[in-house]
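Analysis of the macromolecular model
Here is what each chain is made of, one letter per residue.
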Amino acid sequence: CSDEPTQALCRFKELIDVYEMDSDLAVGPVFARHIASRMYRGEYFALQIDAHVSFVQSWDVDVINQWKSANNEMAVLSVYLHNDADGRFDKEKGFSLDKTRPIMCQTDYDGKGARRHLRHFAQPAGIPRITDTPTIEPYWGAGFSFGRGHFVVNVPYDQHLPMIFQGEEISITLRGFTYGYDYY
């Protein structure tokens, strides 16, 4: 922070928890997300994103309003986000130019034999027909997940899945659904 004090990590350091771990101890993304979820301390909402996500202006107000419009305490907003390099983002003003909504529905088996697993593929997007509430969908995606904090507690990452990358989304989808969560 002494080199670049204006970066977000420095300006808001009192609000950001950081967990550093020696790379020799790493056992894959599911275990890393398990550790991250253990840092939850009762916040009203919980957000999980991939590292390559870009935020638009007022994203926090927007996502809370979207969650509220579902009118469902057990709602989890989850999707594979669009690539902002596709011209869907006004970098000068910080706003999205996109009016489409991706839906988590393109899932099928991938791989062969013992390595066969369910996988989310590129998700279709279109102009939503329903505009006053999020669209319910069948799957949860790890790239973007937003809901009440109790989702992190009630549907934790399985710490006993070392070196797993494909498969945790289906596990969390099913366990969350059986707990009463709906995905939008």
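Relevant structure appears above.
Residues numbered from 1 in each chain as written. Predicted model: local features only at pLDDT ≥ 70, side-chain atom pairs only at ≥ 80, totals over all residues. Heavy atoms only, no water.

This part covers the pairing of strand E1 (residues 45-49). Of the two faces of E1, the one holding Ala46 and Gln48 is buried and the one holding Phe45, Leu47 and Ile49 is not buried anywhere. Inspection of the sheet shows E1 paired to strand E9 (residues 144-148) by five bridges, in the antiparallel sense. Directly across from phenylalanine 45, in E9, lies its bridge partner arginine 148. (Buried < 20%, exposed > 50% of the residue type's maximum accessible area, 1.4 Å probe, protein only. Helix = DSSP H or I, 4+ residues; strand = E, 2+ residues; numbered from the N terminus. Pairing = 2+ DSSP bridges.)

Next up on the list: the pairing of strand E2 (residues 75-78). The two faces of E2 match: Ala75 and Leu77 on one face and Val76 and Ser78 on the other face are all buried. One ladder, built from two bridges, connects E2 with strand E10 (residues 182-183); its direction is parallel. Residue pairing across strands places alanine 75 opposite aspartate 182, the latter belonging to E10.

Considering all chains together, one arrives at one disulfide under this definition. The residue that forms a disulfide with cysteine 1 is cysteine 10, at a sulfur-sulfur distance of 2.0 Å. On the sign convention where negative means left-handed, the S-S torsion of about -95° between cysteine 1 and cysteine 10 marks this disulfide as left-handed. Residue classification places cysteine 1 among the partly exposed positions, given a relative accessible area of 49%. (Disulfide = S-S within 2.5 Å.)

With that out of the way, let us pick up the sheet that holds E9. Read across the sheet, four strands follow the order E1-E9-E2-E10 without closing on themselves; strand pairing throughout is mixed. The open sheet has two edge strands with one neighbour each: E1 and E10.

This part takes up unusual backbone geometry. Most peptide bonds take the trans configuration, and most residues that are not glycine carry a negative phi. You will see that serine 58, though not glycine, has its phi angle at about 60°, which is positive. Structurally, serine 58 is set in the loop between E1 and helix H3 (59-69). Since its relative accessible area comes to 42%, serine 58 is described here as partly exposed. Positive phi values are uncommon outside glycine, yet asparagine 71 reaches one of about 50°. The residue asparagine 71 is located in the loop between H3 and E2 in this model. By relative accessible area, asparagine 71 is classed as exposed at 73%.

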